[in-house]
Amino acid sequence: MKRWTVQCTYAAYYANTVVVEAESLDQACERAIAEANDDPCWKSLDDCGPTFVDAIGEGDAADPWTGFRSALPVPSAYCERGTPPLVTVTVSGGVVQHVAIAGGKARVQVRDYDTDGADPNDPTFETDETGARYALADWSNDLPPGGPAEAAPKARVSTQNPE
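Every chain begins its residue count from 1, and numbering advances along the sequence as written. In keeping with the model being predicted, local features are shown solely for residues with a pLDDT of at least 70 and side-chain atom pairs are shown and tallied solely at 80 or more, while totals for entire chains, interfaces and linings include all residues. As a convention, hydrogens and water are excluded, and side-chain values are obtained from all of the structure's heavy atoms.

### Some points on the packing of aromatic side chains
What describes a pair of aromatic rings is the distance from one ring centre to the other and the angle between the planes of the rings. For this analysis, a ring pair means two rings from Phe, Tyr or Trp (six-membered ring only for Trp) whose centres lie within 6.5 Å, classed as stacked if their planes differ by under 30 degrees, edge-to-face if by over 60, and tilted for the remaining angles. Overall, the coordinates contain one aromatic pair when judged by the stated rule. Measuring from ring centre to ring centre gives 5.2 Å for Tyr113 and Tyr134, while their planes differ by 45 degrees; the resulting arrangement is tilted. Separated by 21 residues along the polypeptide, Tyr113 in the loop between β9 (109–112) and β10 (126–127) and Tyr134 in strand β11 (residues 133–138) bring together distant segments of the chain. Counting from the N terminus, the helices are DSSP H or I runs at least four residues long and the strands are E runs at least two residues long.

If you want it as structure tokens, here you go:
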């Protein structure tokens, strides 16, 4: 049997509640993080997260770290965030038929560049960094903030909901 050197970690949670003024939700988050980091009033929540693997090396005298990363890849099931969701996009006839998300919440955007015959000035079309136009369909099961306090930035071409 092989021997392994494994650094295990758990997150000890501390909190600091601050009040900030900001023009937007993103700006409020940025300002709150900066203010909280400069404030000595952090309080322990007496709650620890699950134990996970930070780094692993083979052998009983191995350094589990190589530079700033694990000497060996840590399987995602044992990482702090766990196994990421699997997104499966089903396309038939050039059209997205179905998007399945298994194993958690995920943001999924499908860009359709096949816009031949469409009005080039259609306001629902997006433009990418190269200037190409596309229709955007959002199949996410974990949408970003966009409630009454902050409207969604742009209309979606498709409001289809995955399972």
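Picking up after the structure, the text goes on.
### Structural notes on the sheet that holds β9
Any two strands with at least two DSSP bridges between them are considered paired. Taken in spatial order, the three strands make up an open sheet running β9-β11-β10, and their pairing is antiparallel. At either end of the open sheet lies a strand with only one pairing partner, and these are β9 and β10. For β9 and β11, the ladder comprises four bridges, and the chain directions are antiparallel. Looking at the pairing, Gln109 lines up with Asp138 of β11.

### Quick look at the pattern of salt bridges
A pairing counts as a salt bridge when a side-chain nitrogen of Lys or Arg comes within 4 Å of a carboxyl oxygen of Asp or Glu. Counting across every chain of the model gives two salt bridges. Notably, a salt bridge pairs Glu58 with Lys2, separated by 3.5 Å at the nearest N-O pair. Of this pair, Glu58 sits in strand β4 (residues 52–58) while Lys2 sits in the segment before β1 (4–9), and the two are 56 residues apart along the sequence. The partner of Arg3 in a salt bridge is Asp60, with the nearest N and O atoms 3.3 Å apart. Residue Arg3 is found in the segment before β1, and its partner Asp60 is found in the loop between β4 and β5 (65–66); the two are separated by 57 residues along the sequence. Note on accessibility: Arg3 and Asp60 belong to one class, exposed. For every residue, the accessible area (1.4 Å probe, protein chains only) is compared with the maximum for its type, and the residue is labelled buried under 20%, exposed over 50%, or partly exposed between those bounds.

### What about the side chain of Thr5?
Along the chain, Thr5 turns up in strand β1. Polar contacts, as used here, are pairs of N or O atoms within 3.5 Å; protein pairs need one atom able to donate a hydrogen and one able to accept it. Residues neighboring in sequence count only if both atoms are side-chain atoms. A distance of 2.6 Å separates a polar side-chain atom of Thr5 from the backbone oxygen of Gly59. With residues near it in sequence (within four places) discarded, Thr5 still touches Ala55, Ile56, Gly57, Gly59, Asp60, Ala61, Ala62 and Pro64. Contact criterion: two residues are considered in contact whenever any of their non-hydrogen atoms come within 4.5 Å of each other.

### A few points about a nonpolar patch on the surface
Patch definition: residues with relative accessible area over 30% and no salt bridge; like charges joined within 9 Å; nonpolar side chains (Val, Leu, Ile, Met, Phe, Trp, Tyr) joined within 5 Å. Note on areas: Shrake-Rupley, 1.4 Å probe, and residue coverage restricted to the protein chains presented here. On the surface, Val87, Val89 and Val91 cluster together into a nonpolar patch covering about 220 Å² of accessible area. Mapped onto the secondary structure, Val91 falls in strand β7 (residues 86–92).

### Concerning the environment of Ala62
If you trace the backbone, Ala62 turns up in the loop between β4 and β5. The exposure class assigned to Ala62 is partly exposed, which follows from its relative accessible area of 22%. Ala62 sits 59 residues away from Arg3 along the chain, and the two C-alpha atoms are 9.4 Å apart. Residue contacts for Ala62: discarding those within four places in its chain leaves Thr5 and Gly57.

### Re the pairing of β7
Summarising the sheet, β7 and strand β8 (residues 95–102) pair through seven bridges and their orientation is antiparallel. Within the sheet, the bridge partner assigned to Val89 lies in β8 and is Val99. Between β7 and β8, which pair antiparallel in sequence order, lie two residues; one of them, Gly93, sits at a positive phi of approximately 65 degrees.

### A short note on the confidence of the model for the chain
pLDDT is a per-residue confidence score from the predictor, ranging from 0 to 100. Residue-level pLDDT values for the chain average 83, and 87% of them are 70 or greater. Throughout residues 147–163 the model reports pLDDT below 50, and contacts reaching past four residues in sequence, or to other chains, amount to 21 contacts.

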